[in-house]
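# Residue-level structural notes
One letter stands for each residue in the lines below.
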Number of protein chains: 2
Amino acid sequence: MRNIDPVEDLIALLARLPGYGRRSARRAVLRMLMDPQRQMLPLADALRNAAEAVLPCDVCGNLDTRSPCHICDDPQRMQGLICVVEGVADLWALERAQAHRGSYHVLGGTLSALAGIGPEDLRIQPLLARIEAGGVEEIIIALPVTVDGATTAHVLMDRLGDTGVPVTRLAQGVPIGGALDVLDDGTLAAALRARRPA
Amino acid sequence: MRNIDPVEDLIALLARLPGYGRRSARRAVLRMLMDPQRQMLPLADALRNAAEAVLPCDVCGNLDTRSPCHICDDPQRMQGLICVVEGVADLWALERAQAHRGSYHVLGGTLSALAGIGPEDLRIQPLLARIEAGGVEEIIIALPVTVDGATTAHVLMDRLGDTGVPVTRLAQGVPIGGALDVLDDGTLAAALRARRPA
């Protein structure tokens, strides 16, 4: 087939979206081409707007339209209570859950020997700098419960040890709504070890 | 969470893509925001380019950057051999298969009592006009093998009957690579009825 270049270009770019491939990209493009004015131009504008307006917060690494971001800049929040997360997605998840009333620190990844990500690739130094600047009362480590996440937490606690700031981590256990028989052994064992008075 | 408006707008629009929801849209946006210059602006430009450059072919209904499209305009192709398809996606599939050396006619849908799509909503009249204009030697009906597709083919053959142009339809049978035991009964029965000398 002779390619229709603008369409092929668009399919190639859409196919890179997570969960998308050439087939779904083609389907999306065909559907959008039914009504380009309402389905394509608004998306083009939204992409451009977001690309131009959004930037990382210099303090915590969150993405926002300003830096410091609206969380770091909020006097209502306990700025001395810093929750350390792997990425912005985790920060957003915690915000959706309205679970944390302090501030955040985005590490930007976890240590990974396989992917060649070392401590210097993560935003550990900026976290130490925030602590040095004073006012930090507690660091909550909210990294993923994976091998890489645990390694990262370990290294992080090592570095934070000298600062004298109390470090805590998220509880591990049975998720709300979680049926016991489908849970993995590790989670079950952890929940049993961490059992509390009823 | 206080919304970051440009990001929320983009998530809402991306979530409308086929196969996408808010969760996958959020994941896509976060990944694109890692490198907006390379991941968002090219997509925005591609969407705008496609929306501005692509239009339906006045003759066959294909989507192209010009009308008549490159297929209707190709003297190498047998313009008198018209393959009738439901949508542009089917036309593209046939072109990828390099299966058809004639031209096409996109109906723009199939009849559907449920969806309220009647014969006047399909591009049947333009097809009759092409035949009236002369030079059409055969009409190949390549509509989906569904109830709606069969109804549409029936109505179409009725309308085409008066024109005297030979009408054919795609063979039905076992797909290439198709294991018999997973095929539906209808396909098996059709393949058996249409059996040919080995």
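These numbers were taken from a predicted model, which means no experiment stands behind them.

This brings us to the sheet that holds strand 5 (residues 138-142) of chain A. All names here are of chain A. Taken in spatial order, the four strands of this open sheet run 4-3-5-6, and their pairing is parallel. The open sheet terminates on both sides in strands that have one partner only, identified here as strand 4 (102-106) and strand 6 (167-169). Geometrically, the sheet is characterised by an average inter-axis angle of 30° between neighbouring strands, direction not taken into account. Relative to strand 5, strand 3 (residues 78-85) is paired through five bridges, and the arrangement is parallel. Across the sheet, residue Val 84 finds its bridge partner in strand 5, namely Ile 141.

Next up on the list: the relation of the copies chain A and chain B. Take chain A, turn it by 179°, move it 0.0 Å along the axis, and it overlays chain B with an RMSD of 0.1 Å. In short, the pair behaves as if placed about a two-fold rotation axis. Every residue of chain A has its C-alpha some distance from the rotation axis, and the shortest such distance is that of Ala 44 of chain A, at 2.0 Å. The fraction of interface residues of chain A whose copies in chain B are also interface residues reaches 100%, indicating that both copies meet through the same surface.

Turning to the pairing of strand 3 (residues 78-85) of chain B, a few remarks are in order. Residue and element names in this part refer to chain B. Counting buried residues in strand 3 gives six out of eight residues, a clear majority hidden from the surface. Alignment of strand 3 against strand 4 (residues 102-106), held across five bridges, turns out to be parallel. Each residue of the ladder has a partner; that of Cys 83, found in strand 4, is Tyr 104. Running through helix 5 (residues 88-96), the crossover from strand 3 to the neighbouring parallel element strand 4 is right-handed.

Right, let's get into the UniProt feature "domain: Toprim" (unreviewed entry) in chain A. On the UniProt side, "domain: Toprim" (unreviewed entry) is annotated at positions that read residues 80-175 of chain A here. Taken end to end, residues 80-175 of chain A is 34% helix and 20% strand, and its first and last C-alpha atoms sit 28 Å apart.

All names here are of chain B. The strand order across the open sheet formed by four strands is 4-3-5-6, and the pairing between neighbours is parallel. Each edge of the open sheet carries a strand with a single partner, namely strand 4 and strand 6 (167-169). Strand after strand, the sheet turns through a mean of 30° between neighbouring axes, direction not considered. This element, helix 6 (residues 124-132), spans strand 3, strand 4 and strand 5 (138-142) of the sheet and lies at about 145° to strand 4.

Position of Ala 25 of chain B among the secondary structure elements: in helix 2 (residues 22-33). Between the C-alpha atom of Ala 25 of chain B and that of Leu 13 of chain B, which follows or precedes it by 12 residues, the distance is 8.4 Å.

Between chain A and chain B, the contact holds 46 residues from the first and 46 residues from the second. For the pair chain A and chain B, the summed buried area comes to about 4900 Å², and 74% of that belongs to carbon and sulfur atoms. The tally of links between chain A and chain B comes to two salt bridges. Between Arg 48 of chain A and Asp 45 of chain B there is a salt bridge, with its nearest N and O atoms 2.6 Å apart. Seen at the junction of chain A and chain B, the total is six residue pairs in polar contact (both at pLDDT 80 or more).

Conventions and cut-offs
Residues numbered from 1 in each chain as written. Chains lettered and ligands numbered in written order. Predicted model: local features only at pLDDT ≥ 70, side-chain atom pairs only at ≥ 80, totals over all residues. Heavy atoms only, no water. Pairing = 2+ DSSP bridges. Helix = DSSP H or I, 4+ residues; strand = E, 2+ residues; numbered from the N terminus. Axes fitted to C-alpha atoms, helices over the stretch in contact; angles between N-to-C directions. Least-squares fit on C-alpha atoms with pLDDT ≥ 70 in both. Contact = heavy atoms within 4.5 Å. Buried < 20%, exposed > 50% of the residue type's maximum accessible area, 1.4 Å probe, protein only. Right-handed = clockwise from strand over helix to strand, strands pointing away. UniProt positions renumbered as here; feature names shortened; annotations may be inferred. Buried area = accessible area lost by both parts, 1.4 Å probe. Salt bridge = Lys/Arg side-chain N within 4 Å of Asp/Glu carboxyl O. Polar contact = N/O pair within 3.5 Å; in protein donor to acceptor, adjacent residues only side chain to side chain.

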